[in-house]
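# A closer look at the structure
Listed here are the chains, written in short residue letters.
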Amino acid sequence: MRVSLKTKILLLFTFVLTIQGISYFHHFYILKQELVQRWNEETNVLVSIMSDKLSSLLEEKVSQINTLIAKYERLGLSPEEVLWRLSGDIAGVSEGAFYDTSGRLLAFSSRLKTMPEFEKQLSSLLERVERLGYQKDSYGELYIRIKVPDFQDNVFKGFYVVSINLNSLLEDVYSLSFQHVNLYLLDSLGRTLLSLQHTVSKNFLRVSSPVKGTDWTLVIEEPYQTVLEPAYQFLLRAFFFGFLSTLGLGVIFFLVIGRIFKPLDRLKESLLEWNEKRRISLQGSDEIGMLSKTFEELVNRLEREKEVYMNIFNGSVDGMLLVSKEGKIKRVNKSFLERYSVKEEEIVGRDISQFLEHGSHQTLFIPEALLTIGSKRYVVNVCTVPINVEEGEFLLYQIRDLTEKKELELILYRTSKLSLAGEMACCMAHQLNNPLASILVYAEYIHNTVQDEKLREKAGIIMRQALKSAETVKKLLDMAKVFDGKPQEINPYSITREVIELLSFKARRKRVSLEFTADINTHAGMMCSSWKLEQVLINVIENAIDASQQGQKVEIKLKWENSCFVWTVRDYGEGIPEEDLQKVFEPFYTTKKDGTGLGLSLVKRFLDDMNGNISMYNTQKGLEVVISLPSKTQC
Amino acid sequence: MKTFILFLLFLSLLSCSKEEKKIAILISGEGRMSKVGGFQDGLRALGVKDVNFDLYTGDNNLKKLEEKAIEVINKLDEYNMIAVGGSIEAYYLKKLKPDMKKPVVIMGGTAIKTWGLTESFSKPSYNITGVDNLNAELMEKRMEILHKLFPSIKKVVVFCTPQFEASKVATKITVKAGERYGIKVVPISVRDVLDLEYVISHMREDGFDGIVITPCFYTENFLTSYILQYASFYQLPVFCLSPEQAKKGCTVAYGSSGYQQGYQASFIAYRLLKGEQVKNVPFEKVRNIKLVVNERVLREQGVQYNQIALSLVDQIIP
């Protein structure tokens, strides 16, 4: 899986946040434990101090009572007056009573009431300080009644019973404690004597300490939630400030990352779209901006280089094909398209094997290969070079066309043959000229001397044929010449008629009929060599006669088409095998038993000399030869 | 960006600010100022220093007191607590806002149940608690002390405010206690200073031997000074409610000082400021009750008194 750098940074940021969160909760957990432990330690100390203070306050009260009783008795105050003074002098003491040695109530005094409630008879007569019991008033204030024996000059006089307000004592103690704690004073049975603060909670932390000199227990409890408040506060603040700082950092981070990634993104877009020439101006003067500009320069350079390569590719004289590893043609250059007259879409996307027999993915040189474009075939040499470009591995096919070279070679070959034929013809002509002269002389002599008409007629025929042969020999000698004279104005119709007439004897003898139709102005003329045209027509029509069977016909048509005179000679013979159609114009190639193979090669040469053209087609029955000649210089 | 950083700094400053407590103090007049002093000193002694006090005073005028009570209620959200000088101030607050959410501490109130300020002293209701100065309840004790100190006094007058139930209750207790000690107690209601002068100037002719002050709005405020002035002129002993009044010219006073009441109330306020609920902070009885005699006034008035009974006196003002 590919993860972008931006995603990685985002993941890193999330990871840091997670670590931060985990550390918060870890610290929170540790803090909770420490808070509970610290609370236990501190509160244990505190409750111990508070219980000690409560104990000392109580002892102090008893001591004060003893001291003041002794003091006021020495002043001669009555027990009632002593009690009044005690309630005035000692904070938290509001009333008291005096009992005689047998425990009978003798006197009482109160700062609040005219008739305080005291027992008539004491239950305990032990001569020591004792706690007699507790009293609670309508305000919920708790009083403890302390019995203090009264000795005057070591003589036991009775008991003072004094009510001490425990609330005021506990309030003095409570001021030592801290917020939110519940303070309880329990008796020996664990019952609550007094309580201060009533925080309601389900879970409390609790510590206790016995109050010295009493059977009381002082208890401090505090809601678990309150003890852990700093931890929760920490968590809340940590979360709050963590969130804020993270948000702040995130914004800064986002801006910084944005500054970094924005040019990179633009660079990426630029790189992705550079092929489509959509240039994006890269901004920024910092390192990223410089980097982007450097990349842009690089892209520009690559683009220029690509342009150079494309120019080379397209401007190459040879055909160039860029072929993928799978053999698919990806690109073709202009030379190829122009040379083989095809459109790009007919080539690109096709398999190379459709066009070339040899396909390979290795460096290869094929001197001669056949390139097939549509129905046409071309001889090419192929050179392949493997190359790596941005899309992958390719083969570059350099295709050099050898067709023209081959044609030239063929022409040269054919010319060499004709030149041989010409030399032979010249030789033969020189050799034939003398016998023909003798034949002509003797034939003329016979014609002039013999009285017999039949002989004279036959001598005349011999004389004319000999003259004709001499003319032919002369023409052969002409053919051997490089220059065959200037073209002259001729009438193609007349020439055609003459040729047909000339060959009509041979046709009749073979019982082949010659049908001539002309679709031209019979007076129309053209510029060319009449002898060559005659030779062309003779050869073609003679071949048609030769190819025909008895009773068949040879159709000769002459028409005017595209500024050319066009002869169509059609026979109804067996035609020529397709594979031999191209060979028939080669010298000494013949399908006839006694043929020389020179006829059509001469035809081809003469027509080439006259800028004419010849083509052959097998029809359903027979062969059709089409000859075209331009009316003046070319068609 | 700069705005964002400033916002963060602002938040951090907010987080550093410490919460300050604020207490509204509502009193009927300057007579309650000693309570306020005791209350503030008590809180300071308990270590509560970060408190601001807003004082609202009725200037001894019931109508103005009610206006001030309304003002306090309108600003209730600003305060953590309301401290009131007595029962009447608490009464006005309760009347104006029965569902009081902020704790109300009475810095020494009289006849608290009679005023309807709570149903139970140990479990306060209506979000009101404080110190009960027992001024009504102590009337019985005062009559006892009066009898002990001045055995010759047989007929006294008490000034009361009949429209206030608490004043009536205190008067009733006084009358009943007087009967026990052979003292005829005559309650008199005065409307203004002229009324007061008329009553006091004819007291001797009418056989009255002294004046007993009962807790009511007028006696605790401006009227006391007039009473003391006329009583001194006509040489009539006056029995007052608090040691401060003895210092002002009362012959005898029995009760707790306003300062002590305020000081005691500060501990209740302290508990409430710490977060305790009012229902869990019971009313407290006043704890420091003193018998004070103004020796100069006693001598000037020439009233016969029991020398032996002077031993009961906690403080003699020379």
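See the structure shown above.
For the structure given in this document, a descriptive report is provided here.

Rules used in this analysis
- Residues numbered from 1 in each chain as written.
- Chains lettered and ligands numbered in written order.
- Predicted model: local features only at pLDDT ≥ 70, side-chain atom pairs only at ≥ 80, totals over all residues.
- Heavy atoms only, no water.
- Helix = DSSP H or I, 4+ residues; strand = E, 2+ residues; numbered from the N terminus.
- Buried < 20%, exposed > 50% of the residue type's maximum accessible area, 1.4 Å probe, protein only.
- Contact = heavy atoms within 4.5 Å.
- Polar contact = N/O pair within 3.5 Å; in protein donor to acceptor, adjacent residues only side chain to side chain.
- Buried area = accessible area lost by both parts, 1.4 Å probe.
- Salt bridge = Lys/Arg side-chain N within 4 Å of Asp/Glu carboxyl O.
- Nonpolar A, V, L, I, M, F, W, Y, C, P; charged D, E, K, R; others polar.
- Pairing = 2+ DSSP bridges.
- Axes fitted to C-alpha atoms, helices over the stretch in contact; angles between N-to-C directions.
- Parallel < 35°, antiparallel > 145°, perpendicular 65-115°, else oblique.
- Left-handed = near helix turned anticlockwise from the far one by under 90°.
- Patch = residues over 30% accessible without salt bridge, like charges linked within 9 Å, V, L, I, M, F, W, Y side chains within 5 Å.
- Areas by Shrake-Rupley, 256 points an atom, 1.4 Å probe, with all protein chains shown as cover.
- Right-handed = clockwise from strand over helix to strand, strands pointing away.
- Lys, Arg positive; Asp, Glu negative; His and termini not counted.
- Core = buried A, V, L, I, M, F, W, Y, C linked by side-chain atoms within 4.5 Å.

### A word on the overall build of chain B
From N to C terminus, chain B includes 11 helices and 13 strands. Every one of the 318 residues in chain B was classed for burial, and the buried ones make up 55%. In chain B, the proportion of contacts linking residues at least 24 apart, taken out of those at least 6 apart, comes to 72%.

### Focus: the side chain of A:Asp137
Relative to the helices and strands, A:Asp137 resides in the loop between strand S3 (130–136) and strand S4 (142–152). In terms of polar contacts, A:Asp137 uses its side chain to reach the side chain of B:Lys285, at 2.6 Å.

### A look at the interface of chain A and chain B
The interface of chain A with chain B comprises 38 residues on the first partner and 41 residues on the second. Interface of chain A and chain B: buried area, both sides summed, is about 3300 Å²; carbon and sulfur atoms make up 55% of it. Of all residues in chain A, A:Leu112, A:Thr114 and A:Tyr139 give up the largest surface area on contact with chain B, accounting jointly for 23% of the area buried on that side. Counting the contacts that link chain A with chain B gives 6 salt bridges. Of the charged contacts, one joins A:Glu171 and B:Arg287 as a salt bridge, the two residues approaching to 3.0 Å between their closest N and O atoms. Our enumeration of links across chain A and chain B arrives at 21 residue pairs in polar contact (both at pLDDT 80 or more). Among the secondary structure elements, those contributing two or more residues to the side of chain A that touches chain B are helix H2 (79–89), helix H3 (166–174) and helix H5 (229–273) of chain A. Tallying contributions element by element places H5(A) first for the side of chain A that touches chain B, with 8 residues. A per-class count over the side of chain A that touches chain B returns 15 nonpolar, 15 polar and 8 charged.

### Points about the sheet that holds strand S16 (residues 513–519) of chain A
All names here are of chain A. The strand order across the open sheet built from 5 strands is S16-S18-S19-S21-S20, with neighbouring strands paired in mixed fashion. Strand pairing shows two members of the sheet lacking a second neighbour, S16 and strand S20 (613–618), which therefore form its edges. Put simply, the sheet's adjacent strands are angled 15° from each other on average, direction ignored. Of the pairings in the sheet, the one linking S16 to strand S18 (residues 553–561) comprises 7 bridges and is parallel in character. Across the sheet, residue phenylalanine 516 finds its bridge partner in S18, namely isoleucine 556.

### Focus on the packing of helix H1 (residues 5–74) of chain A against H3(A)
Residues and elements named next belong to chain A. Interhelical geometry of H1 versus H3 gives an angle of 140° and a closest axis separation of 9 Å. On the basis of their axis angle, the class for H1 and H3 is oblique. Between H1 and H3 lies a crossing whose hand is right-handed. Contacts between H1 and H3 involve Met50, Lys53, Leu54, Leu57, Leu58 and Lys61 from the former and Leu169, Leu170, Asp172, Val173 and Tyr174 from the latter. Residue composition of the contact of H1 with H3, by class: 8 nonpolar, no polar and 3 charged.

### Re the packing of helix H3 (residues 62–74) of chain B against helix H4 (residues 87–96) of chain B
Residues and elements named next belong to chain B. Where H3 meets H4, the axes come as close as 9 Å, and the angle between the chain directions of the two elements is 55°. When the axes of H3 and H4 are compared, the pair comes out oblique. For the pair H3 and H4, the sense of crossing is right-handed. The segment H3 lies against H4, with Leu62, Leu65, Glu66, Ala69, Ile70, Val72 and Ile73 engaging Ile88, Glu89, Tyr92, Leu93, Lys95 and Leu96. In terms of residue class, the contact of H3 with H4 is built from 10 nonpolar, no polar and 3 charged.

### A few points about a nonpolar patch on the surface
A contiguous nonpolar patch, built from A:Phe239, A:Phe243, A:Leu247, A:Val251, A:Phe254 and A:Leu255 and spanning about 620 Å² of accessible area, is present on the exposed surface. With respect to the helices and strands, A:Val251 occurs in helix H5.

### Concerning the pairing of strand S2 (residues 51–57) of chain B
Residues and elements named next belong to chain B. Direction of pairing for strand S1 (residues 21–27) relative to S2: parallel, over a ladder of 7 bridges. Paired with lysine 21 across the bridge in S2 is valine 51. A crossover links S1 with its parallel partner S2, the connecting element being helix H2 (residues 33–45), and its sense is right-handed.

### Quick notes on the pattern of salt bridges
For the structure on display, the rule yields 42 salt bridges over all chains. With a shortest N-O distance of 2.6 Å, A:Asp137 and B:Lys285 are connected by a salt bridge. In this pair, A:Asp137 sits in the loop between S3 and S4 while B:Lys285 sits in strand S11 (residues 284–285), so the two residues belong to two different chains. The same class applies to A:Asp137 as to B:Lys285, namely buried.

### Here we look at helix H13 (residues 599–609) of chain A
All names here are of chain A. The buried count for H13 comes to 8 of 11 residues, which makes it a mostly enclosed element. Along H13, the positions that sit buried rather than exposed are Gly599, Leu600, Ser601, Leu602, Val603, Lys604, Phe606 and Leu607. Immediately downstream of H13, the backbone of asparagine 611 shows phi near 60°, a positive value.

### Regarding H3(A)
All names here are of chain A. Within H3, 8 of the 9 residues are buried, which leaves the element mostly enclosed by the surrounding structure. Along H3, the positions that sit buried rather than exposed are Leu166, Asn167, Ser168, Leu169, Leu170, Glu171, Val173 and Tyr174. Here H3 starts with a cap whose side-chain oxygen sits 2.8 Å from the backbone nitrogen of asparagine 167, and that cap is asparagine 165.

### Quick word on the side chain of A:Lys61
Residues and elements named next belong to chain A. Tracing the sequence through the fold places lysine 61 in helix H1. Lacking a salt bridge, the buried lysine 61 has aspartate 172 as its closest oppositely charged neighbour, with an N-O distance of 5.9 Å. Once residues lying within four places of it in the same chain are set aside, the contact partners of lysine 61 are Ile90, Ala91, Ile164 and Leu169.

### Considering the pairing of strand S19 (residues 564–570) of chain A
Residues and elements named next belong to chain A. Taken across its 7 residues, S19 has 7 buried, putting it largely inside the fold. Burial along S19 is two-sided: Cys564, Val566, Thr568 and Arg570 and Phe565, Trp567 and Val569, pointing in opposite directions, are all buried. By the bridge criterion, 7 bridges tie S18 to S19 in an arrangement that is antiparallel. Bridge pairing in S19 links glutamate 561 to cysteine 564. Between the end of S18 and the start of S19, which pair antiparallel, lie 2 residues, with asparagine 562 showing a positive phi angle near 50°.

### Describing the sheet that holds S2(B)
Residue and element names in this part refer to chain B. Judged by pairing direction, the sheet is parallel, and its 6 strands sit side by side in the order S2-S1-S3-S4-S5-S11 without closing on themselves. Looking at the sheet topology across the chains shown, the edges are occupied by S2 and S11. Both strand S4 (residues 104–109) and strand S5 (residues 128–132) contribute to a ladder of 4 bridges, which runs parallel. From the neighbouring strand, isoleucine 106 faces S5, where its bridge partner is glycine 130. Across the sheet, helix H10 (residues 258–273) touches S1, strand S3 (81–84), S4, S5 and S11, and the angle it forms with S4 is around 165°.

### Topic: the nonpolar core
The biggest cluster of nonpolar side chains holds 162 residues, and the ones touching the most others in it are A:Leu218, B:Leu93, B:Phe159 and B:Ile211. Broken down by element, the residue count for this core peaks at 17 residues, all from H1(A). Formed by 43 residues, the second largest nonpolar core is a distinct cluster that contains A:Ile490, A:Val584, A:Val603 and A:Met610.

### Here we look at unusual backbone geometry
Residue and element names in this part refer to chain A. At asparagine 154, a residue that is not glycine, the phi angle is positive and equals roughly 60°. Counting through the fold element by element, asparagine 154 comes out in the loop between S4 and strand S5 (155–165). For asparagine 154, a relative accessible area of 76% puts it in the exposed group. Residues other than glycine seldom take positive phi values, yet asparagine 562 does so here, at roughly 50°.

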